[in-house]
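Residue-level structural notes
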Amino acid sequence: MITAHILATGDEIRTGTLVDSNTAWLAEKLEEAGVRVTLHCTVGDDIQDIAAALKDMGDKADIGLITGGLGPTSDDLTARAAAVAGQTELEENLEARAHVQGFFQRIGRDMPESNLKQAQLPAGSTLIPNPLGTAPGFFLPVNRCVCFFLPGVPGEMKRMFDDSVLPAIREEFSHSLDHRLVRPISTFGLTESGAADILEPVAPDCPGVIFGYRTSFPIIQIKLYASGSDRAEAEHQLQAAAERIRPLLGAHIFSENQETMAEVVGQLMREKGASLALAESCTGGLISHLITSVSGSSDYFHFGAVTYDNISKVELIGVSSQTLERSGAVSEETALEMAQGVRETANATYGLATTGIAGPGGGTEDKPPGMVCIGLAGPQSAAARTFNFRFRSRSRNIQLFAMTGLDWLRRTLMELH
């Protein structure tokens, strides 16, 4: 098994000022490529500390991934530390110099003299192109380990890994890498423990497959892993496991291709030639934001109104003042009229509405924080439902309200019950 260490550098990461998302992303990508990640490490902006971590990596791992410290400022020390660990010297790399100068020429700005520091790379290293920024990466052997040095900016790092690092790893270790495959299954409406209770009893029926659970609130993603030297066999094991668990998870599954709920809803809208309008109170425009975060959503999204107070509900989307007086703003009756009103106002196929109490205050015994009424009006029927979540966190309740509305719309479009 080929092993890897991942090293993140920088005082901001060491002190917790900046969250290190790069390491998690790289670890997942390496594992999917058949490389076993055995260590994550973080060090600050200190040449000796970085060099010591690199030397340890050189003794214990086949592959090293190092992020951060390739910029033009005085605290960018990774290239110097790499030279120390690799027992070599820094020298000007002409290809790196041309890259840095070319970047500033492309954006039409004068290059600060300090950026030439980024052309100083360890002797014997090989440049890794950076299509998005000024900092070229490089790779350099340290003892038995092939070390890849990448900038800390996530977008630049990811592009360079995909374009250059991963192909190099596959070429260098082509005869030693296992095929490690993953099948993600995204669900909504289950807790992580609830999903595990459903699936763990059938795990013995899925030989060669490991079940993993990942929470990205309020989504639970089940990840099925299979690995081995025979790719076809691993793919067969994953397919068999997915077929085994689909009936158990049922309509809770909304994607097996990493799509968001909003992307799935958008695809269904396009397939049916349908359109959508939204009236949001307690979700404050979050559903509109999720919908319009999807490229091309103008094909099916007509209109969104944040009707937070009663006057806007009446004047903008036609909710009856008598309904508000009789049932209150947070009620199924109001949610239904909101959905019907916004559908008519926007001349849309579907109208979706939310009204509730996100908390933590503002509730009553009958209508506690975490209660939401959702209305959905369509060409065939219109209805409203009440959901109670009762999280103490306002933001979590709002996220759940929005996702519950989208999920109800998804199930309606798919004719699920």
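Whatever comes next refers back to the structure up there.
Anyway, here's the lowdown on the structure attached to this text. (Residues numbered from 1 in each chain as written. Predicted model: local features only at pLDDT ≥ 70, side-chain atom pairs only at ≥ 80, totals over all residues. Heavy atoms only, no water.)

1. Observations regarding the overall build of the chain
In terms of helices and strands, the chain carries 14 helices and 17 strands. Out of the 417 residues in the chain, the part that is buried amounts to 50%. Counting every atom, the chain has about 19600 Å² of accessible surface; 48% of that belongs to carbon and sulfur. Across the chain, the 34 positively charged side chains and the 51 negatively charged ones have centroids separated by 3 Å. (Helix = DSSP H or I, 4+ residues; strand = E, 2+ residues; numbered from the N terminus. Buried < 20%, exposed > 50% of the residue type's maximum accessible area, 1.4 Å probe, protein only. Areas by Shrake-Rupley, 256 points an atom, 1.4 Å probe, with all protein chains shown as cover. Lys, Arg positive; Asp, Glu negative; His and termini not counted. Charge placed at Lys NZ, Arg CZ, Asp CG, Glu CD.)

2. Concerning the packing of aromatic side chains
Enumeration according to the criterion identifies 7 aromatic pairs in this entry. For the ring pair Phe103 and Phe104, a centre distance of 5.6 Å and an interplane angle of 85° mean the geometry is edge-to-face. Ring geometry for Phe387 versus Phe389: centroids 6.4 Å apart, planes at 5°, classification stacked. The exposure class assigned to Phe389 is partly exposed, which follows from its relative accessible area of 26%. In textbook terms, an aromatic cluster arises when at least three aromatic residues are bridged by ring pairs, as seen for Phe387, Phe389 and Phe401. Note that Arg396 overlies the ring of Phe217, its terminal NZ or CZ placed 4.1 Å from the centroid. (Phe/Tyr/Trp six-rings, centres within 6.5 Å; stacked < 30°, edge-to-face > 60°. Lys NZ or Arg CZ within 6 Å of the ring centre and 35° of its normal.)

3. A word on the sheet that holds strand S7 (residues 137-142)
If you trace the 6 strands from one edge of the open sheet to the other, you get S2-S1-S3-S8-S7-S6, paired in mixed fashion. Where the open sheet ends on each side, the last strands, each with one partner, are strand S2 (36-43) and strand S6 (126-128). The sheet shows a mean angle of 25° between the axes of neighbouring strands, direction not considered. The pairing of strand S3 (residues 63-67) with strand S8 (residues 145-150) spans 5 bridges and is classified as parallel. By the bridge assignment, Ile66 is partnered in S8 with Phe149. Sheet strands in contact with helix H3 (residues 47-60) are strand S1 (3-9), S2, S3, S7 and S8, and its direction is about 175° off that of S1. (Pairing = 2+ DSSP bridges. Axes fitted to C-alpha atoms, helices over the stretch in contact; angles between N-to-C directions. Contact = heavy atoms within 4.5 Å.)

4. So, the environment of Ile107
You can see Ile107 is positioned in the loop between helix H5 (94-106) and strand S5 (120-122). Residues Ile107 and Ile219, 112 residues apart in the sequence, show an inter-C-alpha distance of 40 Å.

5. Side note on the pattern of salt bridges
Under the counting rule described, the total for this entry stands at 15 salt bridges. Across the pair Glu28 and Arg214 runs a salt bridge whose closest N-O atoms are separated by 3.8 Å. Taken as a pair, Glu28 in helix H2 (residues 22-32) and Arg214 in strand S10 (residues 209-216) lie far apart in primary sequence, 186 residues in all. Residue Arg214 is classed as partly exposed on the basis of its relative accessible area, which comes to 45%. As a salt-bridge pair, Arg144 and Asp62 come within 2.7 Å of each other at their nearest N and O atoms. On the criterion of sequence distance, the pair formed by Arg144 in the loop between S7 and S8 and Asp62 in the loop between H3 and S3 is long-range, its members being 82 residues apart. Assessed through its relative accessible area of 43%, Arg144 is described here as partly exposed. One salt-bridge network, in which partners are shared between bridges, spans Glu28, Arg214 and Lys223. (Salt bridge = Lys/Arg side-chain N within 4 Å of Asp/Glu carboxyl O.)

6. Some remarks on the packing of H2 against helix H6 (residues 154-172)
In the contact formed by H2 and H6, the axes pass within 12 Å of each other and the chain directions differ by 25°. As far as their axial angle goes, H6 and H2 are roughly parallel. The chirality of how H2 crosses H6 is right-handed. Only Pro154, Met157, Lys158, Phe161, Asp162 and Ile169 of H6 make contact with H2, whose side of the interface consists of Asn22, Trp25, Leu26, Lys29 and Leu30. Grouping the amino acids of the contact of H2 with H6 by side-chain chemistry returns 7 nonpolar, 1 polar and 3 charged. (Parallel < 35°, antiparallel > 145°, perpendicular 65-115°, else oblique. Left-handed = near helix turned anticlockwise from the far one by under 90°. Nonpolar A, V, L, I, M, F, W, Y, C, P; charged D, E, K, R; others polar.)

7. Overview of the state of the cysteines
Per the stated rule, a full pass over the model turns up 0 disulfides. Cys145 provides the cysteine sulfur closest to Cys147, a residue in no disulfide bond, and the two sulfurs are 3.7 Å apart. Take Cys373: it sits in no disulfide, and the sulfur closest to it among the cysteines is that of Cys282, at 8.6 Å. By relative accessible area, Cys373 is classed as buried at 1%. (Disulfide = S-S within 2.5 Å.)

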